Amino acid sequence: MKIGVLVKNVPDTETKIRLTADKQGIETQGVKYVMNTYDEFAVEEALKIRERLQDGTTVTAITLGPERVVETLRTALAMGADEAIHVDDPAFEGGDSLTNARIIARVVEPMGLDLILGGKQGIDYDAAQTCSALAEALGTAQALIAVELKWSEDNQSLEVRRRIEGGDEIVHVKLPAVISCEKGLNEPRYASLPGIMKAKKKEIKKVDLTGVGLDSAEVGASGSATRVVGYSPLSERPECRILEGEPVEIVKELVRALREDAKVL
Amino acid sequence: MSGRRIAHIRGEKMSAYFDLSEEERLIQQTARDFADSEVAPMAAENDANGQFPRGLVEKLAKLGFMGMLIPEQYGGSNAGNFALVLALEEINRACASTGVTMSVHNSLASSPIVGFANEETKKKYLPKMAKGELLGAYALSEASAGSDAASLQARAVKDGNEYVLNGTKSWITSGAEADLFVVMLRTDPSERAKGISAFAVERDTNGFSVGKKENKLGLRASSTVQLIFEDARVPAENMLGSEGEGFKIAMWTLDGGRIGIGTQAVGIAQACLDASVSYAKEREQFGKLIGEFQAIQWKIADMAMNIEAARLMIYRAARLRDRKEPHTKEAAMAKLFASEMANRAAREAVQIYGGAGYLKDSSVERYFRDVRITEIYEGTSEIHRIVISRFLLKN
């Protein structure tokens, strides 16, 4: 089986996100980037399938983005992926999910992948569209937010348990397919030291605009149907006031504050 | 859009923290994640029960952390001393007992076997050490030979193809659980340092036994024991290097070990800083967070500054050792500076916590006890000042 895994390099959840002065993006200075949490489940699942099949199944990690995202490919290789592809071109800058999915579709089409796994969403922009859009672009089956995969005997189809509102939905899916992964699917392994040392020696394949065979007008900001017009941070929680004293006085003060300060009564 | 591009490039530069390479950052990240999720949650309990984390040793081995100085052909990852300190800092930040176990195994036990054992012995022990099946320990000290290690008395006498071992070793870290010991013994009583030889000794050797565990102030999840040799017979091929080279091997090995103990100090100090920062941001007195008082701010600033300096000294010593350049002085300086600043950091962390820091419920109470030994073992602060000044005052 040939498996592709979509991985994304995103700000660490512990990083405090600040907007740039023009509110057109986030301040990247000092931001620590890691592999998207949900993508870790995708990599782990791909490796588990390879370990179960023992038939020369290959796992290829794929990412799109500037030079810094290579680190996430290196993490995927260190966890055990066989190959890695870095899709990068200045023309790709500013593309929306649909445009990026079209680019990735061009990259994976000639590879003849049987299965493509990805995280259910990026924990940065939370669009949760890439896997779905990619399946559309490729014309394959898709099953999103998977918490369990049950394979048929011939490994040509599988039952995907999807986490939906209030319960699970079980979908039968024929390969080729794109599946997005949810927490609970598995327990991602650590990148081991021997894995890291081996990953160091593996070559990362680069694909640029020419490589995907698209026109610069079809990609990046100019090729996108949507455009981010700005960002705004959540308003800060107003300061909490604690009333002290005898209950009778507190209630009086509370009613006054609700009426005069907060003006909700 | 171009503004974002520039910001990206700036971000990349910033993320090259301390010039770590991509794989070095990955190693650090793996160690950090493992320390936070697998080591830290057990640390207080292991400390309270004096329980050695053998299960953790297996997990560490699975990640390749027990064979970091072992070449690939013997099943190790050959990641080197620099990668080792990156990993050790993270493990020690979570649990110093686990940290010293890993440090001793890698730096003091596997390293001299890699450096000085014959091919047969390497093949016999190293793959199992890398897998964590054999846990290593190091035995130099004796009851009357501590800082004055060259005065050690335990004997090895040649008898045919074997050496017969007699005597007692003291203060042996991991001794209660270790499977393989690198032991320094006197082969020539007419010489001092030059009369010492090094041996790899298996735990189940007849005539070799392990004494009772010492009851210690800190590092309570790591055992410290006596080793007793009573006509214990070891094959001659288990000698590391040649007869009379043992002291030299022991000192070379300790240069590496000291970098590891300095790293342990940095790890504990970082844990003290992390705890202090979070407490300063939640504890209120006089209607304010204590972090808003300058007295606390200065303590935290000093801790952070000293940790940074110590870490850079450790990094440099480890880089020098990896490049096989002289590093005895640098290792001594790094270990000395790191252990002293870490003891101050732990003292201040307890001070910031106040009464809460004096309780077993707080992590800083454990850091305060654990950190004390870093000024004592693998060379006391006094010995390190002698080592450093010797470099400066000899011609």
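Residues numbered from 1 in each chain as written. Chains lettered and ligands numbered in written order. Predicted model: local features only at pLDDT ≥ 70, side-chain atom pairs only at ≥ 80, totals over all residues.

Let us now look at the overall build of chain A. For chain A, the count of helices and strands is seven helices and eleven strands. The C-alpha atoms of chain A give 23 Å as radius of gyration, which overshoots the globular expectation for 265 residues (18 Å, by more than 25%). Looking at chain A as a whole, 39% of its 265 residues qualify as buried. Counted over contacts in chain A with a minimum sequence separation of 6, partners at least 24 positions apart contribute 70%. (Helix = DSSP H or I, 4+ residues; strand = E, 2+ residues; numbered from the N terminus. Rg over C-alpha atoms; globule rule 2.2 N^0.38 Å. Buried ≥ 20, exposed ≤ 12 C-beta atoms within 10 Å, placed from the backbone. Contact = placed C-beta atoms within 7 Å.)

With that out of the way, let us pick up the overall build of chain B. Looking only at helices and strands, chain B features eleven helices and ten strands. Compactness check: chain B gives a C-alpha radius of gyration of 22 Å against a globular reference of 21 Å for 395 residues, within 12% of the reference. The principal-axis extents of the C-alpha atoms in chain B amount to approximately 75 × 50 × 50 Å. Relative to its full complement of 395 residues, chain B shows a buried share of 52%.

Formed by 187 residues in total, the largest nonpolar core has its most connected members in Val5(A), Val182(B), Phe199(B), Ala269(B), Cys272(B), Ile314(B) and Ala346(B). Excluding residues within four positions of it along the chain, Val5(A) makes contact with Ala42(A), Val43(A), Ala46(A), Val59(A), Ala61(A), Ile62(A), Ala76(A), Ala81(A), Leu117(A) and Gly118(A). (Core = buried A, V, L, I, M, F, W, Y, C linked by C-beta atoms within 7 Å.)

The subject of this paragraph is the environment of Gln351(B). Residue and element names in this part refer to chain B. If you trace the backbone, Gln351 turns up in helix H9 (residues 328-353). The class of Gln351 is partly exposed, set by 14 C-beta atoms lying within 10 Å. It is 9.3 Å that separates the C-alpha atoms of Gln351 and Ile296, two residues lying 55 residues apart in sequence.

Turning next to the packing of helix H2 (residues 22-49) of chain B against helix H4 (residues 81-94) of chain B. Residues and elements named next belong to chain B. The contact between H2 and H4 brings their axes to 7 Å, and the two run at 25 degrees. In terms of axis orientation, H2 runs roughly parallel to H4. The element H2 and its partner H4 pack so that their crossing is right-handed. On H4, the residues touching Glu24, Ile27, Gln28, Ala31, Arg32, Ala35, Asp36, Val39, Ala40 and Ala43 of H2 are Phe82, Ala83, Leu86, Ala87, Glu90, Ile91, Arg93 and Ala94. Considered class by class, the residues forming the contact of H2 with H4 number twelve nonpolar, one polar and five charged. (Axes fitted to C-alpha atoms, helices over the stretch in contact; angles between N-to-C directions. Parallel < 35°, antiparallel > 145°, perpendicular 65-115°, else oblique. Left-handed = near helix turned anticlockwise from the far one by under 90°. Nonpolar A, V, L, I, M, F, W, Y, C, P; charged D, E, K, R; others polar.)

Domains assigned within chain A are domain 1 (2-218) and domain 2 (235-265). In this structure, domain 1 of chain A and domain 2 of chain A have C-alpha centres spaced 50 Å apart. (Domains from an automatic or database assignment.)

All names here are of chain B. Compared with an ideal rise of 1.5 Å per residue, which puts twelve residues at 16 Å, helix H6 (residues 119-130) spans 16 Å between its outermost C-alpha atoms and is within 8% of the ideal. For H6, every residue scored as buried is listed here: Lys122, Tyr125, Leu126, Met129 and Ala130. The arc that holds every buried residue of H6, seen down its axis, measures 125 degrees, which confines them to one face. If you follow the buried residues of H6, they end up packed against helix H5 (96-116), strand S1 (136-139), strand S4 (180-186) and strand S5 (196-202). Just beyond H6, the residue with positive phi is Gly132, at close to 80 degrees. (Expected span 1.5 Å × (residues − 1). Arc of directions from axis to C-beta.)

This part takes up H5(B). Taking 1.5 Å per residue as the helical rise, H5(B) with its 21 residues ought to reach 30 Å, and the 29 Å between its terminal C-alpha atoms agrees with that figure. By the largest-angle criterion, Ser110(B) marks the main kink of H5(B), which is about 35 degrees, and a proline, Pro112(B), follows within four residues. (Bend = angle between axes of the 7 residues up to and from the residue.)

Residue and element names in this part refer to chain A. Here nine strands make up an open sheet; going across it, the order is S9-S8-S7-S10-S6-S1-S4-S5-S11 and the pairing mixed. Two strands lie at the open edges of the sheet, namely strand S9 (167-174) and strand S11 (204-207), each paired on one side alone. With direction set aside, neighbouring strand axes in the sheet form an average angle of 35 degrees. Bridge count for strand S8 (residues 157-164) against S9 is eight bridges, and the pairing is antiparallel. Across the sheet, residue Arg162 finds its bridge partner in S9, namely Glu169. On top of the sheet, helix H1 (residues 37-53) reaches strand S1 (2-6), strand S4 (58-64), strand S6 (115-119), strand S7 (141-151) and strand S10 (177-181); it is set at about 150 degrees to S6, its chief contact. Here helix H4 (residues 130-138) sits on the sheet in contact with S1, S6, S7 and S10, set at roughly 105 degrees to S7. (Pairing = 2+ DSSP bridges.)

Residue and element names in this part refer to chain B. Once the domains are mapped, chain B shows domain 1 (2-134), domain 2 (137-244) and domain 3 (248-393). Distance from the C-alpha centre of domain 1 to the C-alpha centre of domain 3: 19 Å. Listed as interface residues are 21 residues of domain 1 and, on the opposing side, 23 residues of domain 3. If you tally residues by element for the side of domain 1 that touches domain 3, the top one is H5, at nine residues.

A separate point is the confidence of the model for chain B. Residues and elements named next belong to chain B. For chain B, the mean per-residue pLDDT works out to 94, and 95% of the residues sit at or above 70. Counting contacts from residues 1-17, a segment whose pLDDT is below 50, to residues more than four positions away or on other chains yields 26 contacts. Overall fold confidence for the complex sits at a pTM of 0.85, while the interface term, ipTM, reaches 0.75. (pLDDT = per-residue confidence, 0-100.)

Residue and element names in this part refer to chain A. Most of S4 is tucked away: six of the seven residues are buried. As paired elements, S1 and S4 share five bridges and run parallel to each other. Each bridged residue has a counterpart across the sheet, and for Val5 the counterpart in S4 is Ala61. With five bridges connecting them, S4 and strand S5 (residues 83-87) associate as parallel partners. Bridging from a neighbouring strand, Thr60 pairs with Glu83 of S5. As a crossover connection, the stretch from S4 through helix H2 (residues 70-79) into S5 is right-handed. (Right-handed = clockwise from strand over helix to strand, strands pointing away.)

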